[in-house]
Amino acid sequence: MTAVAPVFDAVIHPPPRLQICGLLAAVDTMEFATVRDRVGVSDSVLSKHVRQLEEAGYVKVSKATVAARQRTSLSLTREGRRAFDAHVAELRRIAGL
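Treat the numbers as computed from the prediction; the structure is a model and nothing was measured. (Residues numbered from 1 in each chain as written. Predicted model: local features only at pLDDT ≥ 70, side-chain atom pairs only at ≥ 80, totals over all residues. Heavy atoms only, no water.)

Draft legend 1. Quick peek at the packing of helix 2 (residues 32-39) against helix 3 (residues 43-55). Packing of helix 2 against helix 3 leaves a shortest axis separation of 10 Å and a crossing angle of 105°. The angle between the axes of helix 2 and helix 3 places the two elements in the roughly perpendicular class. Residues Phe32, Val35 and Arg36 of helix 2 form the contact with helix 3, whose own contacting residues are Asp43, Leu46 and Ser47. Here the residues of the contact of helix 2 with helix 3 are counted per class, giving three nonpolar, one polar and two charged. (Axes fitted to C-alpha atoms, helices over the stretch in contact; angles between N-to-C directions. Helix = DSSP H or I, 4+ residues; strand = E, 2+ residues; numbered from the N terminus. Parallel < 35°, antiparallel > 145°, perpendicular 65-115°, else oblique. Contact = heavy atoms within 4.5 Å. Nonpolar A, V, L, I, M, F, W, Y, C, P; charged D, E, K, R; others polar.)

Draft legend 2. Inspection of the nonpolar core at higher detail. Judged by nonpolar contacts, the single largest core of 19 residues is most densely connected at Ile12, Ile20, Leu24, Val35, Leu53, Val59 and Leu74. Mapped by element, the contributors of at least two residues to this core are helix 1 (15-25), helix 2, helix 3, strand 3 (69-76) and helix 4 (78-95). In terms of residue count, helix 1 provides more of this core than any other element does, four residues in total. (Core = buried A, V, L, I, M, F, W, Y, C linked by side-chain atoms within 4.5 Å. Buried < 20%, exposed > 50% of the residue type's maximum accessible area, 1.4 Å probe, protein only.)

Draft legend 3. Representation of the pattern of salt bridges in the model. According to the stated counting rule, one finds four salt bridges in the structure shown. Arg71 is the partner of Glu31 in a salt bridge, and the nearest nitrogen-oxygen pair spans 3.7 Å. With Glu31 in strand 1 (residues 30-31) and Arg71 in strand 3, the pair connects residues that are 40 residues apart, well separated along the chain. Residue classification places Arg71 among the partly exposed residues on the basis of a relative accessible area of 30%. (Salt bridge = Lys/Arg side-chain N within 4 Å of Asp/Glu carboxyl O.)

Draft legend 4. Here's a closer look at the environment of Arg82. Topologically, Arg82 is positioned in helix 4. Residue class for Arg82 comes out exposed when judged on its relative accessible area of 54%. Separated by 67 residues in the primary sequence, Arg82 and Pro15 have C-alpha atoms spaced 18 Å apart.

Structure follows, in structure tokens:
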């Protein structure tokens, strides 16, 4: 039997980005601070990962003023959801699930 090499999305594969996509896949939008706290990274680390996801067209970053404070929210794009779903399907395939 010939093993089939896994085909992962290189943008989503690093653990922090996989976590970000997993969080965003469950909601329509999530505040930057909430994602930061759930992933357990600093603002600057999260910003770097979000920037890479945004450049790939996977994440949309929105800014709004709420109660005189600037709020940043994140959401998966349609393309981001497709890429995340495909990545998870590949993880399930190699795990035999």
